[in-house]
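Coordinate analysis (summary)
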Number of protein chains: 2
Amino acid sequence: MYSQRIIRSYSALFRKFQIITNINRHKAQQVAEKIQIPSSFAADLAQIVGEHNVSTANAIREQHGHDESYHSIELPDMVAFTERTEQVSEVARLCNRHGIPLIPFGSGTGLEGGVNAIKGGVCLDLSKMTKIVSVNAGDFDCTVEAGVTRKTLNNYLRDTGLWFPIDPGADASLCGMCATSASGTNAVRYGTMRENTMNLEVVLADGTVFDTAGKGKRTKKTSAGYNLTNLFVGSEGTLGIITKATIRLYPQPEATISATCHFESVQAAVDTTVQVLQYGIPIARIEFLDEVSVDACNKFSKLNMTVAPSLFLEFHGNASVLEDQTKLVGKPYSTDVCVPISSLPKVITRTKEMIKEAGIIGKLALELDGTCTGEHGIGQGKRELLEREIGVSGIKVMKELKMALDPRGIMNPGKVFF
Amino acid sequence: MYSQRIIRSYSALFRKFQIITNINRHKAQQVAEKIQIPSSFAADLAQIVGEHNVSTANAIREQHGHDESYHSIELPDMVAFTERTEQVSEVARLCNRHGIPLIPFGSGTGLEGGVNAIKGGVCLDLSKMTKIVSVNAGDFDCTVEAGVTRKTLNNYLRDTGLWFPIDPGADASLCGMCATSASGTNAVRYGTMRENTMNLEVVLADGTVFDTAGKGKRTKKTSAGYNLTNLFVGSEGTLGIITKATIRLYPQPEATISATCHFESVQAAVDTTVQVLQYGIPIARIEFLDEVSVDACNKFSKLNMTVAPSLFLEFHGNASVLEDQTKLVGKPYSTDVCVPISSLPKVITRTKEMIKEAGIIGKLALELDGTCTGEHGIGQGKRELLEREIGVSGIKVMKELKMALDPRGIMNPGKVFF
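Just so you know, these numbers come straight off a predicted model, no measurement behind them.

Considering the overall build of chain A
The helix and strand inventory of chain A stands at 14 helices and 14 strands. For chain A, the accessible area works out to roughly 16100 Å², and carbon and sulfur atoms hold 52% of it.

If you want it as structure tokens, here you go:
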């Protein structure tokens, strides 16, 4: 479908844009102090995971010292591949005893430098843990190991009539998506990883393995104790390592309809958006592009879209319901751009001015009650912004929580906050 | 509407059932050690909130020493009414200095003894904090103070075309619903408090006031740092006191359709449930009653429903879409009964046997991957069950988190865990 092609093109372009922004933001990256590794350590590690699963080769360390962002590579001292949760637990215990940083690595598709080994240490590659542990079609859930990616799962599910809709663009590992609280253009209908993660098997710094939702891990609705699942979703490896995830599945849509709508102004698009949202029609996917972005897409992917503020929409459902939904849409609608909807026109207008004035810069989200990150997390890329967003007291609370679970500070140090 | 009347009747009956269950469960309640209050303390408290806002009168203490459950009353030493967040902060600081328990009190409609002053101390009544701080119709959110109840908010919203759909039965305070992670029969469509709380203003034990979502508090989708909002949702006053909540609003449904479906067996209801859910039709409200419950409802509310396993359904939407949805339902569907759907028939069949054998007892949810509490929280009523559900490591993590934020243990002690 034409508008799907455009959305894909835009996603790719947007990733490029973010990468370029990161370069500018981090030219003057500070060098952190590296931890000294005892000489016997690699042998101890090999005892746990096997010789063939430990590497100190430069090529392997380089491959694991960065993600898809342009943060400069920061090499881990070694890379260990684990095949089972018990190995992860033993590695954590070993690292904790020696105070050595431990950085989990899923698919390496992050955009905020979350896997870079700022202080050296052990990069734990989880990509060999590829079991799809269970699919409970009747209950709309499944459990996967840390190395299973989004596309692998959806291929596996193809004949069940179910799918996992959260789509951040890259073919990320699902547990990595939990760790970074990933999201995507489908969020309007299906939510983000926060709403779709039912349980995590987590390994703590001291080697403790536990299920964040205990026995209630396959229950949709629970109010049993603190919500540990959502504490670990988005913790980016700084509180523990996610080794399994139980996530929600959805029926594959019977039919999909795409639509593109052009506007004379950004304000017009947003004004109608709010009104039409009142109808409560469940749209599945939505992306807004101003005329500059449309033009960039045209050039990037050799398209010839009308250069105007545009909304790209997708509806999922059964055929007759969809027909009714699209009938209701004389006007298009939008949501979820990580500022309150009503602040959207201001953000876009002001951003355009600033781009003209000063080259590429980030959006003004924070000044308009928005968030500095809607889908990629903090990593090392947005630590200053998080401080501005959450404030001193909020950061203090987060640090106290981390200290409680990781007193030696070995879990992905230097990420989320300084 | 007939089926709405039945659902209300069933809700009332179910609350009675839970209350009776609680009596049996807690006949042998242990007596906890009370904290000694210094003689100058009431005067110090009055300095903060004013003389008229402190009471040591027996009637007031009794009123605040229990909720709607049959847990025996446990009196606080005194009750303080606060009118502003700054007062809550100062009271917390005062209590923390003296190590005196502090128990927040919203509407007192809980069912697990969450407000009972097991160790004495100060009950903090927040019901005078009744400001609806803001309603952002364009962004579908609003911010309310701790004393605003669900019905008050919905009355206030009546002319805006918006409403807050989470409905636990009682007219609870919205911040209390956050604290207990409340839910209700609408959860199928709208989720629970977990999905609908965007930010909380929280007062910690040391008096710190902060927003759990920082500046991003009105953003739908954020991946900025740890999810503090969802850590405090369901924390039942044991981590801090919720003084304001920013919650999501929804368009009032244009039309509502109710339906009742009878089945020959529980198994038949569940089998068709799973199939029909695959259509992905958004049902708004659902309640399942087996024939024993239907019979009980008939007697309790003088109705004459067919005595058979039955599903009661409600659809929200616009008129033409609803017509299509109901056309698709030759069969009815169900979800969210706090065990995985596929375990439902086992729970119900086995529960019936056990009721016959031994009188009233709780469901077998835990043995079937379910949760001990879908909507009321833990309080003091379900602490043993939480240990069984979450396991030793999970409880240890929760206690470590509490210790980090409330090192002197003054925040609603004796709740959630021992």
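Topic: the confidence of the model for chain A
A low pLDDT score tells you not to read the predicted coordinates there in detail. Confidence in the prediction of chain A, expressed as mean pLDDT, is 78, and 70% of residues score 70 or more. Predicted confidence is poor over residues 332-339 of chain A, with pLDDT under 50, and the contacts of this stretch with residues over four places away or in other chains come to 41 contacts.

Overview of the packing of helix α2 (residues 41-49) of chain B against helix α4 (residues 85-98) of chain B
Residue and element names in this part refer to chain B. At their nearest, the axes of α2 and α4 sit 9 Å apart, and the two run at 160° to each other. Comparing the axis directions of α2 and α4 gives the class roughly antiparallel. Taken as a pair, α2 and α4 cross one another with a handedness that is right-handed. Contacts between α2 and α4 involve Phe41, Asp44, Leu45, Ile48 and Val49 from the former and Gln87, Glu90, Val91, Leu94, Cys95 and His98 from the latter. Broken down by class, the residue content of the contact of α2 with α4 amounts to seven nonpolar, two polar and two charged.

Quick word on helix α5 (residues 150-157) of chain A
Turning to α5 of chain A, its buried residues number three or more, namely Arg150, Leu153, Asn154 and Leu157 of chain A. Down the axis of α5 of chain A, the buried side of the element spans an arc of 95°, and every buried residue falls inside it.

Considering the environment of His262 of chain B
Residues and elements named next belong to chain B. Positionally, His262 belongs in strand β12 (residues 255-262). Overall, His262 belongs to the partly exposed group, its relative accessible area being 40%. Each C-alpha atom, one on His262 and one on Glu291, is 9.5 Å from the other, the two residues being 29 residues apart in sequence. Setting aside residues up to four positions removed in sequence, His262 forms contacts with Thr306, Ala308, Pro309 and Ser310. Engagement of the side chain of His262 in a polar contact is seen with the side chain of Ser310, the distance being 2.8 Å.

Some thoughts on unusual backbone geometry
Residues and elements named next belong to chain A. Although it is not a glycine, Phe140 adopts a positive phi angle of roughly 60°. Following the sequence through the fold, Phe140 ends up in the loop between β5 (132-136) and β6 (141-145). Located in the positive-phi region is Ser181, a residue other than glycine, with phi close to 55°. Structurally, the position occupied by Ser181 is in the loop between α6 (174-179) and α7 (187-190).

Here's the deal with the sheet that holds strand β4 (residues 122-125) of chain B
Remark on secondary structure: sheet strands pair via backbone hydrogen bonds, oriented parallel or antiparallel. Residue and element names in this part refer to chain B. The four strands are arranged β1-β2-β4-β3 in an open sheet whose pairing can be described as mixed. Of all the strands in the sheet, the pair left with one neighbour each is β1 (54-55) and β3 (102-105). Both β1 and strand β2 (residues 78-81) contribute to a ladder of two bridges, which runs antiparallel. By the bridge assignment for β2, Ser55 is matched with Val79.

Section: the packing of aromatic side chains
The full count for this structure, using the stated rule, is six aromatic pairs over all chains. Geometrically, the ring pair formed by Trp163 of chain B and Tyr190 of chain B is edge-to-face, given 5.7 Å between the ring centres and 85° between the ring planes. Separated by 27 residues along the polypeptide, Trp163 of chain B in strand β7 (residues 162-163) and Tyr190 of chain B in helix α7 (residues 187-190) bring together distant segments of the chain. Among the residues examined, Trp163 of chain B registers a relative accessible area of 17% and is labelled buried. We classify Tyr190 of chain B as buried; its relative accessible area is 7%. Among the aromatic residues, those joined into a cluster by ring pairs are Trp163, Tyr190 and Tyr250 of chain A. Geometry around Phe81 of chain A places Lys128 of chain A over its ring, the cationic atom sitting 5.2 Å from the centre.

Some words on the pairing of β5 of chain A
All names here are of chain A. Alignment of β5 against β6, held across four bridges, turns out to be antiparallel. Note that in β6 the partner of Ser134 across the bridge is Thr143. Between β5 and β6, which pair antiparallel one after the other, the connecting turn spans four residues, and Phe140 there sits at a positive phi close to 60°.

Describing the pattern of salt bridges
Residue and element names in this part refer to chain A. Counting across every chain of the model gives 15 salt bridges over all chains. The residue Glu145 makes a salt bridge to Lys131 at a minimum N-O spacing of 3.7 Å. Separated by 14 residues along the polypeptide, Glu145 in strand β6 and Lys131 in the loop between β4 (122-125) and β5 bring together distant segments of the chain. Given the relative accessible area of 7%, Glu145 is considered buried.

Quick notes on the nonpolar core
In terms of nonpolar packing, the biggest core is built from 140 residues, with Leu153 of chain A together with Leu153 of chain B touching the most fellow members. Ignoring anything within four residues of it in the chain, the contact list for Leu153 of chain B reads Ile132, Cys142, Val144, Val148, Phe164, Leu174, Ile247 and Leu249 of chain B.

Things to note about the side chain of Gln87 of chain A
Mapped onto the secondary structure, Gln87 of chain A falls in helix α4 (residues 85-98). Setting aside residues no more than four positions away along its own chain, Gln87 of chain A makes contact with Ile48, Val49 and Thr82 of chain A.

Points about helix α14 (residues 383-405) of chain A
The first and last C-alpha atoms of α14 of chain A sit only 20 Å apart over 23 residues, clearly below the 33 Å expected at 1.5 Å per residue. At Gly391 of chain A, α14 of chain A shows its maximal kink, close to 105°. For α14 of chain A, every residue scored as buried is listed here: Arg383, Leu386, Glu389, Ile390, Gly394, Ile395, Val397, Met398, Leu401, Lys402 and Leu405 of chain A. If you follow the buried residues of α14 of chain A, they end up packed against α9 (228-232) of chain A together with β9 (209-211), α9 (228-232) and α14 (383-405) of chain B.

Section: the sheet that holds strand β9 (residues 209-211) of chain A
Residue and element names in this part refer to chain A. One open sheet holds the five strands; their spatial order is β5-β6-β10-β8-β9, and the pairing between them is antiparallel. Either end of the sheet is taken by a strand with one partner, and the two such strands are β5 and β9. Neighbour-to-neighbour, the strand axes of the sheet open up by a mean angle of 10°, direction not taken into account. As paired elements, strand β8 (residues 197-203) and strand β10 (residues 241-248) share six bridges and run antiparallel to each other. When the bridges of β10 are listed, Asn199 appears paired with Thr246. Seen against the sheet, α4 touches β8, β9 and β10 and runs at an angle of roughly 50° to β8. Its contacts with the sheet place α5 against β5, β6 and β10, and it is angled at close to 50° to β5.

Brief notes about the environment of Ile103 of chain B
Residue and element names in this part refer to chain B. For Ile103, the location among the structural elements is in strand β3. A residue is classified by how much of its surface remains accessible, and Ile103, at 2% relative accessible area, is buried. Taking the C-alpha atoms as reference points, Ile103 and Gly240, 137 residues apart in sequence, are found 9.7 Å from one another. With residues up to four places along the chain from it excluded, the contact list for Ile103 reads Gly114, Val115, Ala117, Gly120, Val122, Cys123, Leu124 and Asn412.

Calculation notes
Residues numbered from 1 in each chain as written. Chains lettered and ligands numbered in written order. Predicted model: local features only at pLDDT ≥ 70, side-chain atom pairs only at ≥ 80, totals over all residues. Heavy atoms only, no water. Helix = DSSP H or I, 4+ residues; strand = E, 2+ residues; numbered from the N terminus. Areas by Shrake-Rupley, 256 points an atom, 1.4 Å probe, with all protein chains shown as cover. pLDDT = per-residue confidence, 0-100. Contact = heavy atoms within 4.5 Å. Axes fitted to C-alpha atoms, helices over the stretch in contact; angles between N-to-C directions. Parallel < 35°, antiparallel > 145°, perpendicular 65-115°, else oblique. Left-handed = near helix turned anticlockwise from the far one by under 90°. Nonpolar A, V, L, I, M, F, W, Y, C, P; charged D, E, K, R; others polar. Buried < 20%, exposed > 50% of the residue type's maximum accessible area, 1.4 Å probe, protein only. Arc of directions from axis to C-beta. Polar contact = N/O pair within 3.5 Å; in protein donor to acceptor, adjacent residues only side chain to side chain. Pairing = 2+ DSSP bridges. Phe/Tyr/Trp six-rings, centres within 6.5 Å; stacked < 30°, edge-to-face > 60°. Lys NZ or Arg CZ within 6 Å of the ring centre and 35° of its normal. Salt bridge = Lys/Arg side-chain N within 4 Å of Asp/Glu carboxyl O. Core = buried A, V, L, I, M, F, W, Y, C linked by side-chain atoms within 4.5 Å. Expected span 1.5 Å × (residues − 1). Bend = angle between axes of the 7 residues up to and from the residue.

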